[in-house]
Amino acid sequence: QARMTRKRAVIAMLAIPLALALTNLLLSDSMQLARLLPAIPFSYTLPAIGLVLSSICALLLMIGKTRIARHAILICLVFSTIELASKVTLLVLNIARYGGDTGGIRLLADSVLLWIYNMNLFAMIYWTLDSALWTPTGKRERRHFFFPQQLSSMPGYESWEPNLFAYIYLAFTVSTTYGPTDMPAASAGARLLVMLQALIALILLTVTIARAVSILG
């Protein structure tokens, strides 16, 4: 069971950063940080660094170096969060650049892709912070989030532990409802992360997508 869990974690360690990198590459040229801020080409360097680092972390997981892998991926996630916040800020500040016949479509595409990036990034952050996979014993005594299976007795879920999909679901609910719904954030750090993710999702859904719809209209 432990070997299967670690194997799935290795797959996730490769799949999520790959999804983040592809989302970055799909963003239209008008949104690229390399074009708006040539001195800080985050749009190309960070995805490449993330993919290399995730491959290294996957290898560390395979040989049982979970603590080193966790610290390394958290560092990469911090820089990815800074990149995301910078892109959203630039999108709002340069929203007037989206003009012409295709401006609304490009703005809508950029907003949706950033929304997806936001969800996937924070799912990875929640999983890396909270999952019992990253502990030497495979059990976490102090949690950042609590799921319904952990808060009440459910037949068949006595030894249940949240997997990556559980944290993707958590991130999805935060991005759509601006809160963790039935999965409360227990620690102060978790609450701050939920607030940041919800704020980014709120900006993307209410400001940029509304503007894109008005341009198309």
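See the structure above.
As a starting point, this report considers the structure included with it. The model shown is predicted, which means the values in this text are computed figures rather than measured ones. Counting starts from 1 at the beginning of each chain's written sequence and moves along it residue by residue. Confidence filtering applies because this is a predicted model: local features only for residues at pLDDT of at least 70, side-chain atom pairs given and counted only at 80 or more, and all residues used for totals across whole chains, interfaces and linings. Only hydrogens and water are removed before side-chain values are computed, so all heavy atoms of the structure are retained for them.

**Focus: the overall build of the protein**
So, step 1. Along its length, the protein carries eight helices and zero strands.
So, step 2. Counting all 217 residues of the protein, 47% fall into the buried class.
So, step 3. A separation threshold of at least 6 residues defines the contact pool for the protein, and within that pool the share at least 24 residues apart is 71%.
So, step 4. All accessibility values rest on the Shrake-Rupley procedure with a 1.4 Å probe; residue burial counts only the protein chains present in the view. In the structure as shown, the protein presents an accessible area of about 11,300 Å², 68% of it carried by carbon and sulfur atoms. Secondary structure elements are defined from DSSP: runs of H or I of at least 4 residues count as helices, runs of E of at least 2 residues count as strands, and each element is numbered from the N terminus. Throughout this description, buried means an accessible area under 20% of the type-specific maximum (1.4 Å probe, protein chains only), exposed means over 50%, and partly exposed covers the range between. Whether two residues touch is decided by their heavy atoms; if any such pair falls within 4.5 Å, the residues are in contact.

**Focus: the packing of helix H5 (residues 103–130) against helix H7 (residues 164–177)**
So, step 1. Direction vectors running N to C along H5 and H7 enclose 135 degrees, while the axes themselves pass 8 Å from each other. By the criterion of interaxial angle, the relationship of H5 to H7 is oblique. The two elements H5 and H7 cross, and the hand of that crossing is right-handed. Touching Trp115, Asn118, Met119, Phe122, Ala123, Tyr126, Trp127 and Asp130 of H5 are Leu164, Tyr167, Ile168, Leu170, Ala171, Phe172, Ser175 and Thr176, all from H7.
So, step 2. For this classification, the nonpolar set comprises Ala, Val, Leu, Ile, Met, Phe, Trp, Tyr, Cys and Pro, the charged set comprises Asp, Glu, Lys and Arg, and every other residue, Gly included, is treated as polar. The residue inventory of the contact of H5 with H7, partitioned by class, reads 12 nonpolar, three polar and one charged. Inter-axis angles, ranging from 0 to 180 degrees, are taken between N-to-C directions of lines fitted to C-alpha atoms, where helices are fitted over the stretch in contact. Roughly parallel means an angle under 35 degrees; roughly antiparallel means over 145; roughly perpendicular covers 65 to 115; every other angle is labelled oblique. Handedness of a helix crossing follows the sense of rotation of the near helix relative to the far helix, less than a right angle counterclockwise being left-handed and clockwise being right-handed.

**Regarding the pattern of salt bridges**
So, step 1. Salt bridges, as used here, are contacts in which a Lys or Arg side-chain nitrogen is within 4 Å of a carboxyl oxygen on Asp or Glu. Summed over all chains, the structure comprises one salt bridge.
So, step 2. Of the charged contacts in the structure, one is a salt bridge between Glu83 and Lys87, with a shortest N-O distance of 3.6 Å. In this pair, Glu83 and Lys87 both sit in helix H4 (residues 66–93), four residues apart, roughly one turn of the helix.

**What to know about the packing of aromatic side chains**
So, step 1. Here a pair means two rings of Phe, Tyr or Trp (six-membered ring of Trp) with centres within 6.5 Å. Their orientation is stacked below 30 degrees between planes, edge-to-face above 60, and tilted elsewhere. Per the counting criterion, the structure on display carries four aromatic pairs.
So, step 2. Ring centres of Trp115 and Phe172 lie 6.1 Å apart, and the angle between their planes is 85 degrees; this geometry places the pair in the edge-to-face category. Of this pair, Trp115 sits in helix H5 while Phe172 sits in helix H7, and the two are 57 residues apart along the sequence.

**Description of the side chain of Thr81**
So, step 1. Within the element layout of this structure, Thr81 appears in helix H4.
So, step 2. Filtering out sequence-adjacent residues up to four positions away, Thr81 remains in contact with Leu121, Phe122, Ile125 and Leu196.

**Observations regarding the nonpolar core**
So, step 1. Residues belong to a common nonpolar core when they are buried Ala, Val, Leu, Ile, Met, Phe, Trp, Tyr or Cys residues joined through side-chain atoms within 4.5 Å. Formed by 46 residues in total, the largest nonpolar core has its most connected members in Leu84, Tyr126 and Phe145.
So, step 2. Within the residue set of this core, elements represented by two or more residues are helix H3 (42–62), H4, H5, H7 and helix H8 (188–216).
So, step 3. Of the residues forming this core, the biggest block, 12 residues, is contributed by H5.
So, step 4. Beyond its immediate stretch of four places on either side in the chain, Leu84 contacts Leu114, Tyr117, Asn118, Leu121, Phe122 and Ile200.

Coordinates in, geometry out; function isn't part of it.
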